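Okay, here's what each chain looks like letter by letter:
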Amino acid sequence: MPTAKAYAAAGATTPLAGTTIPRRDPTDHDVQIEILYCGICHSDLHTARNEWSSIMPTVYPCVPGHEIVGRVTRTGSAVTKFKAGDLAGVGCLVDSDRTCPNCQAGLEQFCPGMVLTYNFPDRNLGGVTYGGYSESIVVDENFVLRIPENLDLAGAAPLLCAGITTYSPLRHWGVASGKKVGVVGLGGLGHMAVKFARALGAHVVVFTTSPGKRDDALRLGAHEVVISRDANEMQKHAGSFDFILDAVSADHDINAYIQLLGRDGNLTLVGAPEKPLPVSAFGLLFARRSLSGSLIGGIAETQEMLDFCSEHNITADVEVIPIQQINEAYERMLRSDVKYRFSIDMASLKGE
Ligand code: NAP
Ligand code: ZN
């Protein structure tokens with residue numbers, strides 16, 4: 001059985017550390033990828049620390065990482081879309097049943113048989129899937145994305161989750177020129193949402209708890225910045241938004257944002273805090289507002305997003321770190337001290 005170097009959490013309170021994991025030999029439809037960069041998503045931290053235990057309990061050892069870019073090193077005999085040497089990307093999905101109505105609609109993320117990149121039952125090797133904090137990965141070609149050659153690779157990695165997770169709801173809810181759009185939480189997801197909403201032509205307002213991020217928010221594309229702890233500043237926007245995307249990772253008051261929506265306005269949650277968020281019915285009843293969720297995006301839409309990024313020259317703003325700094329990076333992410341995504345240079349794993 002081939003193996004790969006990786007970083008894993010051995011338990012919910014254990015720091016991540018170097019280890020070796022099994023990886024399958026490519027079967028006929030598989031692509032083997034040498035991982036060059038892997039972004040650090042807050043979902044990696046939620047999972048490594050078993051914060052979603054009631055929905056998706058973590059199986060240890062856990063190798064997170066679902067913002068993967070690399071180069072193809074080998075392909076199975078039936079692979080047609082990739083050849084050795086090609087750039088390739090892998091996001092949150094590595095398989096699905098491919099036959100259900102969701103798969104047929106290109107919405108593999110809602111397939112009851114979907115397989116996530118880590119912490120999901122591995123149909124090939126048994127146990128659970130292992131993610132991108134690793135030197136290599138083997139994935140069916142139908143779940144591998146083409147990475148446009150003009151994108152910086154370290155900054156392209158986060159597009160595979162933070163990118164598609166924000167692009168998909170912005171498109172679904174018709175964000176375009178003439179719409180007023182709010183983005184709550186200027187982290188990895190939030191800063192991508194700002195770039196996309198701006199590129200789609202909307203009037204963009206960022207809501208942040210971090211006054212020090214104001215200038216960055218404007219540079220990233222926001223027209224206005226609201227410090228969300230300031231009730232007066234919030235009140236000035238009451239009833240005015242067409243759409244708000246909430247990308248906050250922790251407990252917070254979503255009712256304060258619902259009341260900023262105009263008639264038929266929608267608030268979509270992409271953030272996935274550990275605990276349930278209370279919702280006031282009245283905030284929704286008045287003005288026929290709606291509250292939704294959105295989960296990553298399908299494979300075809302992920303490719304569409306990458307091509308949109310190529311055309312508009314969009315990548316994540318990244319701080320590149322060696323894998324050895326992963327535990328410190330998690331602590332900084334918890335303090336909202338990331339500008340605006342960590343991207344792991346996987347060459348750092350070679351010396352382990
Ligand atoms: P992140 O980089 O840590 O950003 C989260 C941001 O939320 C922070 O930068 C901060 O922004 C704000 N925030 C943090 N704690 C807060 C608090 N107590 N009150 C108010 N605001 C707070 O995380 P991320 O990687 O972007 O992920 C965000 C969330 O989305 C996570 O829960 C993650 O699991 C989830 N996620 C969901 C999907 C999906 O498919 N739906 C996909 C990926 C990730 P400010 O400093 O600007 O306030
Ligand atoms: Zn993610």
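Residues numbered from 1 in each chain as written. Chains lettered and ligands numbered in written order. Predicted model: local features only at pLDDT ≥ 70, side-chain atom pairs only at ≥ 80, totals over all residues. Heavy atoms only, no water.

**Q** Account for the site of ligand 1, with residues named and values stated.
**A** The local shell around ligand 1 holds 30 residues, among which His42, Thr208, Thr209, Ser210 and Arg341 are the closest. Between ligand 1 and the protein, one listed contact pairs an oxygen atom with a side-chain N or O atom of Lys213 at 2.7 Å. Val270 places a polar main-chain atom, nitrogen or oxygen, 2.9 Å from a nitrogen atom of ligand 1. When isolated, ligand 1 has an accessible area of 920 Å², and the protein chains bury 90% of it. Elements supplying a minimum of two residues to the shell around ligand 1: helix H1 (42-48) and helix H5 (188-199). At three residues, H1 tops the list of elements feeding residues into the shell around ligand 1. (Near = heavy atom within 4 Å. Polar contact = N/O pair within 3.5 Å; in protein donor to acceptor, adjacent residues only side chain to side chain. Areas by Shrake-Rupley, 256 points an atom, 1.4 Å probe, with all protein chains shown as cover. Helix = DSSP H or I, 4+ residues; strand = E, 2+ residues; numbered from the N terminus.)

**Q** Any chance you could break down the domain arrangement of the chain for me, citing the residues and the numbers?
**A** Under the domain assignment, the chain is made up of domain 1 (3-161 + 297-351) and domain 2 (163-293). Between the C-alpha centres of domain 1 and domain 2 there is a distance of 26 Å. Counting residues at the interface gives 24 residues for domain 1, matched by 24 residues for domain 2. Summing both partners gives a buried area of about 2100 Å² for domain 1 against domain 2, and 57% of it is carried by carbon and sulfur. Taken together, the connections running from domain 1 to domain 2 amount to three salt bridges. Taking the shortest distance from any N to any O, the salt bridge between Arg219 and Asp317 comes out at 3.1 Å. Secondary structure elements with two or more residues in the side of domain 1 that touches domain 2: H1 and helix H10 (299-312). Among the elements that make up the side of domain 1 that touches domain 2, the one with the highest residue count is H10 (seven residues). Residues that form the side of domain 1 that touches domain 2 fall into these classes: 11 nonpolar, seven polar and six charged. (Domains from an automatic or database assignment. Contact = heavy atoms within 4.5 Å. Buried area = accessible area lost by both parts, 1.4 Å probe. Salt bridge = Lys/Arg side-chain N within 4 Å of Asp/Glu carboxyl O. Nonpolar A, V, L, I, M, F, W, Y, C, P; charged D, E, K, R; others polar.)

**Q** Account for H5, naming residues and giving values.
**A** Taking 1.5 Å per residue as the helical rise, H5 with its 12 residues ought to reach 16 Å, and the 17 Å between its terminal C-alpha atoms agrees with that figure. The buried fraction of H5 amounts to 10 of the 12 residues, a majority that puts the element mostly inside the structure. All of the buried residues in H5 are Gly188, Leu189, Gly190, His191, Met192, Ala193, Val194, Lys195, Phe196 and Ala197. Gly201, located one to two residues past H5, shows a positive phi value of around 100°. (Expected span 1.5 Å × (residues − 1). Buried < 20%, exposed > 50% of the residue type's maximum accessible area, 1.4 Å probe, protein only.)

**Q** Can you tell me about the sheet that holds strand S14 (residues 290-293), naming the residues and giving the values?
**A** As summarised here, the arrangement of the six strands in space is S11-S10-S9-S12-S13-S14, forming an open sheet in which the pairing is parallel. Pairing within the sheet leaves two strands with one partner each, and these edge strands are strand S11 (224-227) and S14. Taken pair by pair, the neighbouring strands of this sheet meet at an average axis angle of 20°, ignoring direction. Along the sheet, helix H4 (residues 162-172) makes contact with strand S9 (180-184), strand S12 (241-246) and strand S13 (261-269), crossing S12 at roughly 160°. (Pairing = 2+ DSSP bridges. Axes fitted to C-alpha atoms, helices over the stretch in contact; angles between N-to-C directions.)

**Q** Talk me through the coordination of the zinc ion (ligand 2); I want residue IDs and the actual numbers.
**A** On the protein side, the zinc ion (ligand 2) has Cys41 (SG), His66 (NE2) and Cys161 (SG) as donor atoms, found 2.0 to 2.2 Å from it. Read in sequence order, the donor residues for the zinc ion (ligand 2) give the motif C-x24-H-x94-C. A residue pair is termed long-range when its members are at least 10 positions apart, and His66 in the loop between H1 and strand S4 (68-75) and Cys161 in the loop between helix H3 (153-156) and H4 qualify at 95 residues. Judged by relative accessible area, which is 7%, His66 ranks as buried. (Donors = N, O, S within 2.8 Å, 3.2 Å for Na, K, Ca; no water.)

**Q** A description of the state of the cysteines should follow, citing residues and the corresponding values.
**A** Think of a disulfide as a covalent bridge from one cysteine sulfur atom to another cysteine sulfur atom. Summed over the entire model, instances satisfying the criterion amount to zero disulfides. With no disulfide of its own, Cys111 lies closest to Cys103 among cysteine sulfurs, the gap being 3.7 Å. (Disulfide = S-S within 2.5 Å.)

**Q** An account of the side chain of Glu51 is needed here, citing residue identities and associated values.
**A** Looking at where Glu51 falls in the secondary structure, it is placed in the loop between H1 and S4. A distance of 2.7 Å separates the side chain of Glu51 from the side chain of His46, its partner in a polar contact. Excluding residues within four positions of it along the chain, Glu51 makes contact with Leu45, His46 and Glu274.

**Q** Please provide a residue-by-residue account of a nonpolar patch on the surface, values included.
**A** Residues Leu107, Phe110 and Leu295 make up a contiguous nonpolar surface patch of about 240 Å² in total accessible area. Residue placement: Leu107 occurs in the loop between helix H2 (101-104) and strand S7 (115-116). Looking at Leu107, the relative accessible area reads 31%, which means it is partly exposed. (Patch = residues over 30% accessible without salt bridge, like charges linked within 9 Å, V, L, I, M, F, W, Y side chains within 5 Å.)

**Q** Can you explain the side chain of Glu233? Please cite residues and give values.
**A** Tracing the chain through its elements places Glu233 in helix H7 (residues 231-235). Non-local contacts of Glu233, meaning those with residues more than four positions away in its chain, are made with Arg214, Val225, Val226 and Ile227.

**Q** Requested: an account of the nonpolar core, with residues and values cited.
**A** Judged by nonpolar contacts, the single largest core of 96 residues is most densely connected at Ile40, Tyr133, Phe196 and Tyr330. The greatest single-element share of this core, amounting to six residues, is contributed by H5. Counting residues in hydrophobic clusters, the runner-up holds 15 residues, among them Val184, Val205, Ile244 and Tyr257. (Core = buried A, V, L, I, M, F, W, Y, C linked by side-chain atoms within 4.5 Å.)

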